[in-house]
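# Structural features, examined
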Amino acid sequence: YVNRKNLGMDGLHMRRLFVLDSKDYDGTHNLIEKNTVRAIICRNGRYAMQQNRDGIYKIPGGGVENNESLLDTLCRETLEETGLVVIRDSVREIGDVLELRRDLFEEDNKYECRTFFYFCDVEEGQQHTHMTLSEIEKGFHPVFATLDEIIESNRRLGKDITCERDTRFLEMLRDGRI
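Attention here is on the structure that accompanies the text. (Residues numbered from 1 in each chain as written. Predicted model: local features only at pLDDT ≥ 70, side-chain atom pairs only at ≥ 80, totals over all residues. Heavy atoms only, no water.)

### Considerations on the sheet that holds strand β1 (residues 16-21)
Reading across the sheet, the 5 strands line up as β1-β7-β8-β2-β6 and stay open at both edges, with mixed pairing between neighbours. Single-partner strands in this sheet number two, and they are β1 and β6 (61-63). Ignoring strand direction, the axes of neighbouring strands in this sheet form an average angle of 20°. Bridging between strand β7 (residues 92-102) and strand β8 (residues 109-119) involves 10 bridges; their strand directions are antiparallel. For Leu98, the partnering residue across the bridge sits in β8 and is Arg114. Against the sheet, helix α1 (residues 70-82) engages β2 (30-40), β6 and β8, with an angle of about 125° to β6. Relative to β1, helix α4 (residues 161-174) is tilted by about 150°, and along the sheet it contacts β1, β2, β7 and β8. (Pairing = 2+ DSSP bridges. Helix = DSSP H or I, 4+ residues; strand = E, 2+ residues; numbered from the N terminus. Axes fitted to C-alpha atoms, helices over the stretch in contact; angles between N-to-C directions. Contact = heavy atoms within 4.5 Å.)

### Considering α4
For α4, spanning 14 residues, the distance from its first C-alpha to its last is 20 Å, which sits close to the expected 20 Å at 1.5 Å a residue. The complete set of buried residues in α4 reads Cys163, Arg165, Asp166, Thr167, Phe169, Leu170, Glu171, Met172 and Leu173. Remark: Gly176 follows α4 within two positions and exhibits a positive phi of approximately 75°. (Expected span 1.5 Å × (residues − 1). Buried < 20%, exposed > 50% of the residue type's maximum accessible area, 1.4 Å probe, protein only.)

### Considerations on the pattern of salt bridges
Counting across every chain of the model gives 21 salt bridges. One salt bridge connects Lys23 with Asp21, and the closest N-O pair in it is separated by 3.7 Å. With relative accessibility at 29%, the residue Asp21 sits in the partly exposed group. (Salt bridge = Lys/Arg side-chain N within 4 Å of Asp/Glu carboxyl O.)

### Some details on unusual backbone geometry
Positive phi values are uncommon outside glycine, yet Lys23 reaches one of about 55°. Turning to its location among the elements, Lys23 is positioned in the loop between β1 and β2. Phi at Asn44 takes a positive value of approximately 50°, unusual for a residue other than glycine. For Asn44, a relative accessible area of 81% puts it in the exposed group.

### What about the environment of Ile32?
Along the chain, the position of Ile32 falls in strand β2. The class of Ile32 is partly exposed, set by a relative accessible area of 34%. Spatially, the C-alpha atoms of Ile32 and Asp103 are 8.0 Å apart, while their sequence positions differ by 71 residues. Here Ile32 is in contact with Asn109, Lys110, Tyr111 and Glu112, once residues within four sequence places are set aside.

Right, here's the structure in full:
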């Protein structure tokens, strides 16, 4: 267990949950590093998610910007994607996932992304979302769903590494491994 006061730090002491390594890069690739956060919010046995028009679910969260703390990023991304306001004192660290692959946009680069997962409570009510243009184009919208609904839909429909990361994490949660 890591004290909540460390949330503004670098997350170095989080438990590694698993690694997704596509092994499609080599030592000649330039390294691009990114840190992202994901919010695990449960109300009455249902989890706050983003769902696209194809039925694929995504755990709310996103990338650290402009030297934000992980906690500030978690609060900002959760509000933007779900309209839910995180209660900062409720945030609890779960663990991280490391993704290693060739960059999708610049294939001369190796992409290394560390995703930090947190349990958090949110205030009552819901505000307007502020999604990115890409999220809007894909039809993302906030929903609450059971772990079984999310996992079944993602296993049937999801094909990308982000969907695989979220689905594997949620399977661990459902199966009591988190």
